[in-house]
Amino acid sequence: MKIKNIVSLSLLCCAFGNLSAQNPWPTVTGTAKPWTRWWWMGSAVDEKGLDKQLTTLSKSGFGGVEIVPVYGAKGFEKQYIHYLSPEWMKMLRFTTDKARSLNMGVDMSVGTGWPIGGPQVDEKNAATKMIVQTYEIKADEKFSEKIVLKDEKQKNVRTVKPDMVTAYNEKNEAVVLTDKISGDGTLNWKPAFGKWTVYAVFSGKTLQKVKRAAPGGEGYTLDHFSPTATKDYLKTFDKAFGNSNDGIRSFFNDSYEVYHADWTPDFLIEFKKRRGYDLSLYIKYLAADEESETAGRIKSDYRETLSDLILNRFTKDFTNWANSKNSQNTNQAHGSPGNLLDLYAAVDIPESETFGSTPFDIAGLKRDPADLQKADVPDMNMLKFASSAANVMGKRLISNETFTWLTEHFKTSWSQAKPEVEQVFLSGINHVFYHGTTYTPADVKFPGWLFYASTNFVPENSLWSHLAGLNSYVARTQSVLQSGKSDNELLVYWPVYDQWASPKGKDMAFKIHNIEKWLQPTEFYKNIDRLEKSGYSLDMVSDRMIGEAKMDQQDIQVSEKGGAYKVLIVPQLNYFSESTLRNILQLAQNGASIIFQNGPENVPGFFESEKRRNELQSLWKSIPFQQKGNMKSAAFGKGKIVLSSDVEEGLEYLKIEREKLTDTGLKFVRRKFGGGNYYYVVNHTPKDISQNIPLNYIGKQVVLMNPENGDFGIAEAQNNSVKVQLKSGQSLLIRNTDDIDTSIPNWHYTEKTGAPITLNQTWSLSFKEGGPELPETRTLTKLQPWTDFTEEASTQSFSGTGVYMTTLNLKKNKADDYLLKFDKLYESAKVIVNGQDAGMVWSNPFEINIGKYLKKGKNTIQIEVSNLMANRIRYMDRNKIEWRNYHEINFVNIDYKPFDASHWKVQPSGLDGEIQLIPVYFSK
C-alpha cells in the first residue's frame, strides 16, 4: 500500500512531551518481562530470604523465576531441605504466594540438577542402553560359554537373559536364537555347518546419575523410551502436590543430556509394530559401523523408532501430566535422539538454549577472546527449531535459556548481553530466561552463593543497579513479540531422514554443542541461512506437521492457531518419505505453492523399500513439469509446483517478495496482529544507517517505537519505505496499522549536529557503594578510570559505583536536543543532570539524550559509573579469602578448570577518553 506521507525515524534523538498521546506499546505483563532461572543451592532457603530476593528481583524488572534446586554450599548442611519434602513444599508455597503478591510468576523443574531423574527412578525405569556381545561358533567345536551379561558394572541389573540373539554365517545368513537361550545363559543350538558369529543384545543400564543434584534429588536418570518410566516418575510429584499445582505456572524439563541411552526393554516389540519387520534378523547392521546401504536403512528405522518413543512416552506424557495440574509445561528438546520439531511441538512452551558468545560486528562492542568459550557459538538457526514448532502450531510463548557461559565469570557487562538477546529475539523467541540467579541467605557475605555456569544476575553483582536498563529493554521488546502471532511466509522442510540414514553410530542426538556436524554442513541449513539473509521469513516443518497441514485459501496452515504460509520448500535431500510426498501433492491439489530443490529419488528405511521407492517415483512422475528457463514448473490442481536448484529463483517465479531491508545489513522479525503488524529491526552492522528502508507491509499510520527508552512517534512513509536512523548496535520497532491516532506526536529526525562541546573541565570522583572498601574522593583534571590511580590499592580491588561530577556553563540552549556521548565507559552509568534522573547508559553506542534537563547557564552533570565484579574477586583470590566452597563441581572457570582470578589483570573501571555534549537539530 503506497502512502503519500513521508516517514522518518531516529533513535539518535527523540524527545516526546505529549503525555496525552495514546501509548502504542502493548501492556508489559509479567510474562513480557524477563524471567530468571533461580538455583536453590541445597534448597537451603527460608521465608525471610525468599521474601527479600523475590522483592529485589521484582524491583529490578523480573517477571518470574524458574526454581531449579542444585547441590549445596559446604557448611550449610543443617539448612538443607530435601526436595519435595513437606518443608520443601512449604517453602515453595511461600514462594508462589509472595510472587503472586508481586505480580510475578513461578516455574519449577521436575527434578533437581539435570537431566530428569532422582531417587524415585528405580533400576527398572533407569536410562537403558543396548549392550551387544559377540561369540564365535563353529560346527565342529563345542560351545560351552554362557550367553550372559558380562559387564561388571551391570552386576546389580536384574536382566540376565538377552533381549535378542542372532547368529550370522559367512554367507550372511541369519538365524534368530533368542528362544534357544536357557535361564542360565546356555545356548541350546548347534550349527550344522560353517563358522557363525552370534550377536546377543542385552538391556543394560547407563548408570548415569542426575548431574548437580540437590539433596533429595539424587538418583538415576530416567528411561525416556519406557512405557512406564515417566508416569511412575511423576507419581512422586502427585504425592507432593496432590491435585493442586501450588501456584506453579509451568513445570520445566532441562535439555536432554542422557548419555548412551539408546534402548528400552520392549524396543523390539515397538520397532516391529512401527516399522513393520523384526529387527532381530538385522541386529548385525545396527551393532556395527558397517558402511552399507542396508546398515543405513536399518539405523534410520531404529532412530525413527527412538524418536517415536521419546515423543509418545515421555514428551506427550509430560505435557498431559502438567495440564492435569492446570499448569503448562516447558521442555528443552535439543540433545534428544528424536525429531526436534515434533518434540518441541508436543509441549506448551518450547524452550531452546544459547551457550557461549557470538562475534558481532557492532562498533565498539567489548569482546575479549580470552574470556570466551572456545567451542560454542550460538546459532540463530538452531534456535529456530523451537520457534518454528511454536509458530507452526500456534503456541504464544517460545522461551530460551539465555546467557549460559556468555563470558568468563564476573566479566560480563550488560552491553555484551544486549546483542545476544537480540539474536534470540530475531530467531523468533519471545520469552527469555536468564541463566541465571542464585538464592543467597541474607547472612552470606559477598559475592554470595553462585552457580558455576551462569552470567551472574545476582544482587551482589556490582552492575545490579543498572540491570533495569537491560530488563526494561527486554520487557518492551517481548511485549511486542508476544502480541499477535508470527508473520513468516515460508515453510522449509527439515530432511531428518538424511540425518537418520547415516550408517555410523547408533542413536543420533541433535545437540546444540555439535551443530557443526549435523546441521551447519547440510543444504537445509545453507538454504535457510541464505533465505534469511535475503530477507525471507521462515519456519521449519516436519513430516508429521506436513501430514496435518491443510489449506486456508491460498495459505498452508498446520494448526488453526498457527501461522499461515505462502510456500512450502523442500530443500535438496537424498531420502524422502512417499507418504510425505503424497501429502504435499494433496496440498498442491488444494492450492499450495511448493518448491523442490531436487527430485526425490529414494525412500528412507528398510521395510519394502523397493516397493515404496517405486511409489515415490510414480508420485513424482505424476507432476506435469514444463521447462521454464533454468527451472521446471507445473500447475497441479489449484496449486503450483516448482523444481529449481535455486530456491530464490523459484520464489521470484511464484512472486513471493523478500524484505529488501536486509540489503542494508539490518535484521528483522515480523509479527502480525488484528489490524496491523510489527517489525522488530536490529542494526548489528559496524556502520550507522540513516536512509529509507523498504517494507513489504506498510499501514495507513506507521508508529516508531524505541525499546530502550519507550519513546514513540508517528513516522512518514514514501514509496513503501521508512526512513531510519540507527547507529551500530541500536534497534527499533515499527508498528503498522490501518487505524490513525492523531494524538501521537511525530517522530524526530536528526537533520544535523552542532560543534561538540568537550567536557574537559575539572571533575570530582567519589564512591557511593561497593567494596571491599571505598577509594578516596579525588579531583580530576581530566577524565580517567579510577583504576589508573595505582598508587591507591583500593582502586585496584574496588567493585561498585564511582560518581563523576562536574559543572557546565551552557551559554546558549537553542538546539532541539543535546546528546551526551561517551568515549570509553567501563561498564554502565546512570546520568543525573541538575538533580534529575536522565536515564541509564548501558549499551552501544553509549550515548543519551539529555537536552530536556539542561538549562542556560550553570548545569551540574553527575555520572554514576558501575564496574565489573572482576577486580573485587581478583582481590579476594589474591588474598586467599574463601568465597567458593560448594559440594559437587564446586566452582569452575569457563574452561571447566578450577576457578582462580588471582592472575587476572585489573579490569579498567570508570570513565576514560572524552565525553562530548553534541547539539542536535531536528528536521522540520
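Data block above holds the structure.
Residues numbered from 1 in each chain as written. Predicted model: local features only at pLDDT ≥ 70, side-chain atom pairs only at ≥ 80, totals over all residues. Heavy atoms only, no water.

J.: Just to check I follow, could you spell out the overall build of the chain for this structure?
T.: Each helix and strand counted, the chain has 19 helices and 43 strands in total. Compactness check: the chain gives a C-alpha radius of gyration of 31 Å against a globular reference of 29 Å for 924 residues, within 12% of the reference. Projecting the C-alpha coordinates of the chain onto the three principal axes gives extents of approximately 110 × 75 × 50 Å. Evaluated residue by residue, the chain yields a buried proportion of 63% over its 924 residues. (Helix = DSSP H or I, 4+ residues; strand = E, 2+ residues; numbered from the N terminus. Rg over C-alpha atoms; globule rule 2.2 N^0.38 Å. Buried < 20%, exposed > 50% of the residue type's maximum accessible area, 1.4 Å probe, protein only.)

J.: Hey, could you run me through the side chain of D348 in this one?
T.: Looking at where D348 falls in the secondary structure, it is placed in the loop between α7 (340-345) and β12 (349-355). K395 is the oppositely charged side chain nearest to the buried, salt-bridge-free D348, at an N-O distance of 5.3 Å. A distance of 2.9 Å separates a polar atom in the side chain of D348 from a polar atom in the side chain of N323. Reaching out from D348, the side chain makes a polar contact with the backbone nitrogen of N329 at a distance of 3.0 Å. In this view, D348 contacts T319, N323, S327, Q328, N329, K395 and L397; residues no more than four positions away in its chain are not counted. (Lys, Arg positive; Asp, Glu negative; His and termini not counted. Salt bridge = Lys/Arg side-chain N within 4 Å of Asp/Glu carboxyl O. Polar contact = N/O pair within 3.5 Å; in protein donor to acceptor, adjacent residues only side chain to side chain. Contact = heavy atoms within 4.5 Å.)

J.: What should I look at first to understand helix α1 (residues 47-59) in this one?
T.: Residues three or four positions apart in an α-helix share a direction because the helix packs 3.6 residues into each turn. Here α1 is 13 residues long and its end C-alpha atoms lie 18 Å apart, about the 18 Å a rise of 1.5 Å per residue gives. Among the residues of α1, G49, L50, Q53, L54, T55 and L57 are the ones counted as buried. Measuring from the side-chain oxygen of the N-cap residue of α1 to the backbone nitrogen of K48 gives 3.3 Å; that N-cap residue is D46. Looking one or two residues past α1, G61 carries a phi angle of roughly 100°, positive in sign. (Expected span 1.5 Å × (residues − 1).)

J.: Is there a simple way to explain the pairing of strand β31 (residues 721-726) in this structure?
T.: Here is the key point about a regular strand: its side chains alternate between the two faces of the sheet. Of all six residues making up β31, five are buried, and the element is well covered by its neighbours. Relative to β31, strand β27 (residues 689-694) runs antiparallel, the two being bridged by six bridges. Its bridge partner lying in β31, Q691 is registered against V724. Inspection of the sheet shows strand β30 (residues 717-718) paired to β31 by two bridges, in the antiparallel sense. Across the sheet, Q718 pairs through a bridge with S721, a residue of β31. Adjacent in sequence and paired antiparallel, β30 and β31 are bridged by two residues, among which N719 carries a positive phi angle near 55°. (Pairing = 2+ DSSP bridges.)

J.: Where do I start with the side chain of S388 in this structure?
T.: By secondary structure assignment, the location of S388 is in helix α8 (residues 380-393). Once you skip the residues sitting within four places of it in the chain, S388 turns out to touch L341, D539 and M540.

J.: Hey, could you run me through the packing of helix α9 (residues 414-426) against helix α10 (residues 467-481) in this one?
T.: The relative placement of two packed helices comes down to the angle between their axes together with the axis-to-axis distance. Relative orientation of the contacting elements α9 and α10 amounts to 10°, with a least axis distance of 10 Å. Relative to α10, the element α9 lies roughly parallel. Of α10, the residues touching α9 (which contributes W414, A417, K418, V421, E422 and F425) are L467, L470, Y473, V474, T477, Q478 and L481. Residues that form the contact of α9 with α10 fall into these classes: nine nonpolar, two polar and two charged. (Axes fitted to C-alpha atoms, helices over the stretch in contact; angles between N-to-C directions. Parallel < 35°, antiparallel > 145°, perpendicular 65-115°, else oblique. Nonpolar A, V, L, I, M, F, W, Y, C, P; charged D, E, K, R; others polar.)

J.: I tried to follow the sheet that holds strand β14 (residues 431-438) on my own but got confused; where do I start?
T.: Sheet strands pair via backbone hydrogen bonds, and the direction of the pair is either parallel or antiparallel. The sheet built from eight strands closes into a barrel, its strands ordered β1-β2-β3-β10-β11-β12-β13-β14 with parallel pairing. On average, each strand axis in the sheet is inclined to that of its neighbour by 30°, with strand direction left out of account. Running at roughly 150° to strand β11 (residues 328-331), helix α6 (residues 293-324) makes contact with β10 (250-253) and β11 of the sheet.

J.: Mind showing me how you'd approach the sheet that holds strand β28 (residues 701-705) here?
T.: Pairing in this open sheet of six strands is antiparallel, and the strands run β15-β25-β26-β32-β28-β29 from one edge to the other. Strands at the two margins of the open sheet, each flanked by one partner only, are β15 (485-486) and β29 (712-715). Across the face of the sheet, α9 comes into contact with β25 (667-673), β26 (676-682) and β32 (731-737) while running at roughly 145° to β26. The sheet strands contacting α10 are β25, β26, β28 and β32, and the helix crosses β26 at an angle near 145°.

J.: Any chance you could explain the packing of aromatic side chains here in plain terms?
T.: Tallying each qualifying case throughout the model produces 62 aromatic pairs. An angle of 85° between the planes, with centres 6.2 Å apart, marks the rings of F576 and F596 as edge-to-face. Taken together, the residues span a long stretch of sequence, with F576 in the loop between β20 (567-570) and α15 (578-589) and F596 in strand β21 (residues 593-596) at a distance of 20 residues. Like F596, F576 is buried. Over the ring of F789 we find R778, and its NZ or CZ is 4.1 Å from the ring centre. (Phe/Tyr/Trp six-rings, centres within 6.5 Å; stacked < 30°, edge-to-face > 60°. Lys NZ or Arg CZ within 6 Å of the ring centre and 35° of its normal.)

J.: What exactly am I supposed to notice about the pairing of strand β2 (residues 64-70) here?
T.: With seven of its seven residues buried, β2 lies for the most part within the structure. Residue alternation in β2 divides its side chains into two sets, G64, E66, V68 and V70 and V65, I67 and P69, and both sets are buried. Here strand β1 (residues 35-41) runs beside β2; their pairing, made up of seven bridges, is parallel. Pairing of W35 across the sheet is with G64, part of β2.

J.: Help me understand helix α16 (residues 609-621), please; the structure alone is not making it clear to me.
T.: Taking 1.5 Å per residue, 13 residues should reach 18 Å; α16 reaches 18 Å between its end C-alpha atoms and fits that length. Those residues of α16 that fall on the buried side of the exposure criterion are S609, R612, R613, L616, L619 and W620. Taken end-on, α16 shows its buried residues confined to a sector of 125°, consistent with a single buried face. Facing away from the buried side of α16 by more than 90 degrees, the exposed set consists of K611 and K621. (Arc of directions from axis to C-beta.)

J.: So what exactly am I meant to see when it comes to the nonpolar core here?
T.: A general feature of soluble globular proteins is that nonpolar side chains tend to end up buried together. In this structure, M108 and F385 are the most contacted members of the largest nonpolar core, which totals 208 residues. Counting residues per element, this core draws most heavily on α6, which supplies 11 residues. If sequence neighbours within four positions are ignored, F385 has contacts with L340, L341, Y344, W494, W518, L519, F524 and M540. W763, A815, V831 and I861 belong to the second largest nonpolar core, which has 33 residues in total. (Core = buried A, V, L, I, M, F, W, Y, C linked by side-chain atoms within 4.5 Å.)

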